[in-house]
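Here are the chains, one letter per residue:
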Amino acid sequence: MNWDETGPDTDERLDERLVQADADGEDTAVEAALRPKDLDEFVGQEKVREQLDLVLKAARARGATADHVLLSGAPGLGKTTLSMIIAAEMGAPIRITSGPAIQHAGDLAAILSSLQEGEVLFLDEIHRMSRPAEEMLYMAMEDFRVDVIVGKGPGATAIPLELPPFTLVGATTRAGLLPPPLRDRFGFTGHMEFYAPTELERVIHRSARLLDVEIDADGAAEIAGRSRGTPRIANRLLRRVRDYAQVKVDGRIDRPVAAAALGVYEVDARGLDRLDRAVLGALLKLFGGGPVGLSTLAVAVGEERETVEEVAEPFLVREGLLARTPRGRVATPAAWAHLGLVPPQQGGKGQQGLFGA
């Protein structure tokens, strides 16, 4: 999604979403205190944890650096946290950068040439790295060497630069955009899944202890059920419920307090917020459940087409509330039930026939 096309007003509205999976400034600061420090503390992702534990223990037993690691999955599931755990388990320092920050091969060469032996280089959004830098990374990952080009034109000379062994941890939300030669150079690939509510309850209880918040099992379950399967969202909702509990009650969080707090912030029982319900409401009330074209639906809710498609739709589709069809967007029976509406009788003439894809 090109965020420049959404305009400042849209950006500001999206920044206010409690259920967005991307980190904002406050999340970054708080997450540093809440991050688990080792694999034993890390909640969820059982298969990835088990496999990664074997990779790291084997590397330590050999006295070698760990294989390069690729972590894929939606934002907020713990890719950055796992990269820091990898460094901690290997007793190595970590260098953090991102694909968009590396626009030239020289940018990458400067980072690689300054690495220490065994250091972990965490490259977030690796799929957004420039092609010249990507091609340089191939040789660095495989041979621990880069060729630095000195001069221009016919007189340019490639000077080989040896690198100390290091571990690259790449993170991506769109693994399909990585070229096969880059994917093949990772020794271990782990896909991060969305969390089950019971796993999120454990995350919430742990975070509540670290934040010195008193919460019971029902209160944690209420927050977990509205967290979209994402620990980052769960921690963000916990902080907002904590604020409500401190101001409105005695600071203790139970199910009624959690439900009341999240009602104030317009996050419903399934984790839908104002934007999600606006999209569903327009689809059901204005267009009889669809099918309706994306542009028409975006106009109906007063948002950009990209905002509806990239921000609201993925969760609605994953929850089984909305379906994408060749003719347009269609609401499912679960969407009608969630908003407490009765679907029109089949065969009736409604507006959906006027607003096809």
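Reading guide: rules and limits
- Residues numbered from 1 in each chain as written.
- Predicted model: local features only at pLDDT ≥ 70, side-chain atom pairs only at ≥ 80, totals over all residues.
- Heavy atoms only, no water.
- Axes fitted to C-alpha atoms, helices over the stretch in contact; angles between N-to-C directions.
- Helix = DSSP H or I, 4+ residues; strand = E, 2+ residues; numbered from the N terminus.
- Parallel < 35°, antiparallel > 145°, perpendicular 65-115°, else oblique.
- Contact = heavy atoms within 4.5 Å.
- Nonpolar A, V, L, I, M, F, W, Y, C, P; charged D, E, K, R; others polar.
- Buried < 20%, exposed > 50% of the residue type's maximum accessible area, 1.4 Å probe, protein only.
- Pairing = 2+ DSSP bridges.
- Phe/Tyr/Trp six-rings, centres within 6.5 Å; stacked < 30°, edge-to-face > 60°.
- Lys NZ or Arg CZ within 6 Å of the ring centre and 35° of its normal.
- Expected span 1.5 Å × (residues − 1).
- Bend = angle between axes of the 7 residues up to and from the residue.
- pLDDT = per-residue confidence, 0-100.
- Core = buried A, V, L, I, M, F, W, Y, C linked by side-chain atoms within 4.5 Å.
- Right-handed = clockwise from strand over helix to strand, strands pointing away.
- Salt bridge = Lys/Arg side-chain N within 4 Å of Asp/Glu carboxyl O.
- Arc of directions from axis to C-beta.

1. Concerning the packing of helix H12 (residues 274-286) against helix H13 (residues 294-301)
Then comes step 1: One can describe the packing of H12 onto H13 by two numbers: an axis separation of 9 Å at closest approach and a directional angle of 110 degrees. Here H13 runs roughly perpendicular to H12, going by the angle between their axes. Residues Ala278, Val279, Ala282, Leu283 and Leu286 of H12 form the contact with H13, whose own contacting residues are Leu297, Ala300 and Val301.
Then comes step 2: Taken together, the residues that form the contact of H12 with H13 break down as eight nonpolar, no polar and no charged.

2. So, the pairing of strand S6 (residues 167-172)
Then comes step 1: When you tally the buried positions in S6, you get six out of six residues, the bulk of the element.
Then comes step 2: As judged from the four bridges shared by strand S1 (residues 69-72) and S6, these two strands associate in the parallel manner. When the bridges of S6 are listed, Val69 appears paired with Val169.
Then comes step 3: Here strand S3 (residues 120-124) runs beside S6; their pairing, made up of four bridges, is parallel. Its bridge partner lying in S6, Leu121 is registered against Leu168.

3. Describing the packing of aromatic side chains
How two aromatic rings sit relative to each other is set out by the distance from centre to centre and by the angle between their planes.
Then comes step 1: Tallying each qualifying case throughout the model produces one aromatic pair.
Then comes step 2: The ring of Phe315 has Arg228 sitting right over it, with the charged end atom 3.9 Å from the ring centre.
Then comes step 3: Seen from the ring of Phe194, Arg318 lies directly overhead, with NZ or CZ sitting 3.6 Å from the centre.

4. Considering helix H14 (residues 305-318)
Then comes step 1: Here H14 contains 14 residues, and its C-alpha end-to-end distance of 19 Å stays within 8% of the 20 Å for a straight helix at 1.5 Å per residue.
Then comes step 2: Roughly 45 degrees is the biggest bend found in H14, and it falls at Ala312, with proline Pro314 one to four residues downstream.
Then comes step 3: Of the residues making up H14, those classed as buried are Thr307, Val308, Val311, Ala312, Glu313, Phe315 and Leu316.
Then comes step 4: A positive backbone phi angle near 75 degrees is found at Gly320, which sits one or two residues after H14.

5. Concerning the confidence of the model for the protein
Then comes step 1: For the protein, the average pLDDT comes to 83, and 85% of its residues sit at 70 or higher.
Then comes step 2: Mean pLDDT values over the elements of the protein span from 45, in helix H1 (residues 7-15), up to 93, in helix H9 (residues 217-225).

6. Topic: the nonpolar core
Then comes step 1: Leu82, Ile204, Ile215, Ile223 and Ile253 are the most contacted members of the largest nonpolar core, which totals 47 residues.
Then comes step 2: Of the residues forming this core, the biggest block, seven residues, is contributed by helix H10 (residues 231-248).
Then comes step 3: With residues near it in sequence (within four places) discarded, Ile204 still touches Ile215, Ala220, Ile223, Ala224, Ala234 and Leu238.
Then comes step 4: Counting residues in each nonpolar core, the second largest holds 24 residues, with Ile102, Leu123, Ile126 and Phe166 among its members.

7. Considerations on the pairing of strand S2 (residues 94-98)
Then comes step 1: Bridge count for S2 against S3 is five bridges, and the pairing is parallel. Residue pairing across strands places Thr97 opposite Leu123, the latter belonging to S3.
Then comes step 2: Assessed by its sense of winding, the connection that carries the chain from S2 through helix H5 (residues 105-113) to S3 is right-handed.

8. Focus on the environment of Leu52
Then comes step 1: In this fold, Leu52 is placed in helix H3 (residues 46-62).
Then comes step 2: With residues near it in sequence (within four places) discarded, Leu52 still touches Val69, Leu82, Ile86 and Phe188.

9. Some points on the pattern of salt bridges
Then comes step 1: Following the criterion strictly, the structure yields 21 salt bridges and no others.
Then comes step 2: The residue Arg255 makes a salt bridge to Glu222 at a minimum N-O spacing of 2.8 Å. Of the two residues, Arg255 is situated in helix H11 (residues 255-264) and Glu222 in helix H9; the sequence distance between them amounts to 33 residues.
Then comes step 3: With a shortest N-O distance of 2.6 Å, Glu313 and Arg329 are connected by a salt bridge. In this pair, Glu313 sits in helix H14 while Arg329 sits in strand S9 (residues 328-331), placing the two residues 16 residues apart along the sequence. You'll find Glu313 and Arg329 in the same group, each marked buried.
Then comes step 4: The network of salt bridges with shared partners includes Asp218, Glu222, Arg226 and Arg255.

10. Things to note about the packing of H9 against H11
Packed helix pairs are characterised by how far apart their axes lie and by the angle those axes make with each other.
Then comes step 1: The contact between H9 and H11 brings their axes to 7 Å, and the two run at 30 degrees. Between H9 and H11, the crossing angle belongs to the class labelled roughly parallel. Contact residues: H9 offers Asp218, Gly219, Ala221, Glu222 and Ile223, while H11 offers Arg255, Ala258, Ala259 and Leu262.
Then comes step 2: Its residues assigned to classes, the contact of H9 with H11 comprises five nonpolar, one polar and three charged.

11. Considerations on H13
Quick reminder: α-helices carry 3.6 residues per turn. Residues three or four places apart thus point the same way.
Then comes step 1: For H13, the full list of buried residues reads Leu294, Leu297, Ala298 and Val301. Looking straight down H13, one finds its buried side chains confined to an arc of 100 degrees; they lie on one side.
Then comes step 2: At its buried positions, H13 is contacted by H12, H14 and S9.
Then comes step 3: Gly302 lies just past H13 and shows a positive phi near 70 degrees.

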